[in-house]
Amino acid sequence: RQRDEWVRTQEIAAERICLDPGIGFGKTHQHNLLLLQNAEKFLKLGRPILVGHSRKGFIGKLLGDNDCSRDAATAGISLAMAMKGIQVLRVHDVASTRDGLTGWMAAAMALTINDAELESDQQDAILNELLDLLPKRLLDILLLMLLAIGCSRATPLPKPGPDGQPLERGTLML
């Protein structure tokens, strides 16, 4: 709250402000887990919330292996944060996260649509419309939020990947 109040005094437009609880920055393993478990409580501050959990050390500790890939656990945490209403996820593998969120949202919305007892052709039309919009919409929101908060480490395409080849559309190098 104090940092949010200070930022307001700096004449920064409200739509350019995003709050980050700081996963991993000087926090214990238990602190990080508590922040994730209670992330939705930050929404009460009335600002978009950013969670930067991707590949952090606490994930290696959670998995019991600091040398293992942390991408699957990062994706799982991303889904949990989306379910809690967190608006911005800072991740290394944007394309996989986008695809995972798209699949999850499509499945969750399909269940809701089925519960509403719509006619089959109505369900199909709605699902097709959502599936056409979701990947682009998720990516657009992520890119806009990163740009709005001035993430100088985020560089949109066409920066090449580590192997010198162009990255897949929608990927950010962080």
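Residues numbered from 1 in each chain as written. Predicted model: local features only at pLDDT ≥ 70, side-chain atom pairs only at ≥ 80, totals over all residues. Heavy atoms only, no water.

Student: An account of the pattern of salt bridges is needed here, citing residue identities and associated values.
Tutor: Pairs can form between side chains of opposite charge whenever their charged atoms are close. Counted by the stated rule, this structure contains three salt bridges. With its nearest N and O atoms 2.7 Å apart, the salt bridge here joins Arg-55 to Asp-71. Linking Arg-55 in the loop between β1 (50–51) and α3 (57–63) with Asp-71 in helix α4 (residues 71–83), this pair joins segments that are 16 residues apart in sequence. The exposure class of Arg-55 is partly exposed, given its relative accessible area of 36%. (Salt bridge = Lys/Arg side-chain N within 4 Å of Asp/Glu carboxyl O. Helix = DSSP H or I, 4+ residues; strand = E, 2+ residues; numbered from the N terminus. Buried < 20%, exposed > 50% of the residue type's maximum accessible area, 1.4 Å probe, protein only.)

Student: Got a sec to walk through the nonpolar core? Specific residues and values, please.
Tutor: One finds Leu-36, Val-51, Phe-58, Met-81 and Ile-86 to be the most contacted residues of the largest nonpolar core, which totals 20 residues. Secondary structure elements with two or more residues in this core: α2 (29–37), α3, α4 and α5 (94–115). Excluding anything up to four places from it in sequence, Val-51 contacts Ile-23, Leu-36, Met-81, Ile-86, Val-88, Leu-89 and Arg-90. (Core = buried A, V, L, I, M, F, W, Y, C linked by side-chain atoms within 4.5 Å. Contact = heavy atoms within 4.5 Å.)

Student: Hey, could you go over α4 for me, with residue numbers and the actual values?
Tutor: The terminal C-alpha atoms of α4, which comprises 13 residues, lie 18 Å apart, in line with the 18 Å expected from a rise of 1.5 Å per residue. For α4, the set of buried residues is Ala-73, Thr-74, Ile-77, Ser-78 and Met-81. Taken down its axis, α4 places every buried residue within 145 degrees of arc, on the same side. Away from its buried face by more than 90 degrees, α4 exposes Ala-72 and Met-83. (Expected span 1.5 Å × (residues − 1). Arc of directions from axis to C-beta.)

Student: Explain the environment of Ser-78 to me, using residue names and the numbers behind them.
Tutor: Mapped onto the elements of the fold, Ser-78 is located in helix α4. Sequence separation between Ser-78 and Arg-98 is 20 residues, and the spatial gap between their C-alpha atoms is 9.6 Å. In this structure Ser-78 touches His-53, Leu-89, Val-91, Thr-97 and Leu-101, once residues within four positions along its chain are discounted. Of note is the side chain of Ser-78, whose polar atom sits 2.9 Å from the side chain of His-53. (Polar contact = N/O pair within 3.5 Å; in protein donor to acceptor, adjacent residues only side chain to side chain.)

Student: Give a description of the environment of Phe-42 that names residues and reports values.
Tutor: Structurally, the position occupied by Phe-42 is in the loop between α2 and β1. Judged by its relative accessible area of 26%, Phe-42 is partly exposed. For the pair Phe-42 and Pro-21, spaced 21 residues apart in sequence, the C-alpha to C-alpha distance is 8.1 Å. Look past the residues within four positions of Phe-42 in its chain and what remains in contact with it is Pro-21, Leu-35 and Ile-49.

Student: For the environment of His-31, give the residues involved together with the corresponding values.
Tutor: With respect to the helices, strands and loops of the structure, His-31 is situated in helix α2. Exposure remark for His-31: the relative accessible area of 40% places this residue in the partly exposed category.

Student: Any details on the confidence of the model for the chain? Residues and values, ideally.
Tutor: The predicted model of the chain averages 74 in pLDDT, with 63% of residues at 70 or higher. Confidence, expressed as mean pLDDT per element, reaches its minimum in the chain at helix α6 (residues 120–148) with 57 and its maximum at α2 with 94. The low-confidence segment residues 142–161, where pLDDT is below 50, has 34 contacts with residues more than four positions distant or belonging to other chains. Per-residue pLDDT stays below 50 along residues 166–174; that stretch engages in 34 contacts with residues further than four places along the chain or on separate chains. (pLDDT = per-residue confidence, 0-100.)

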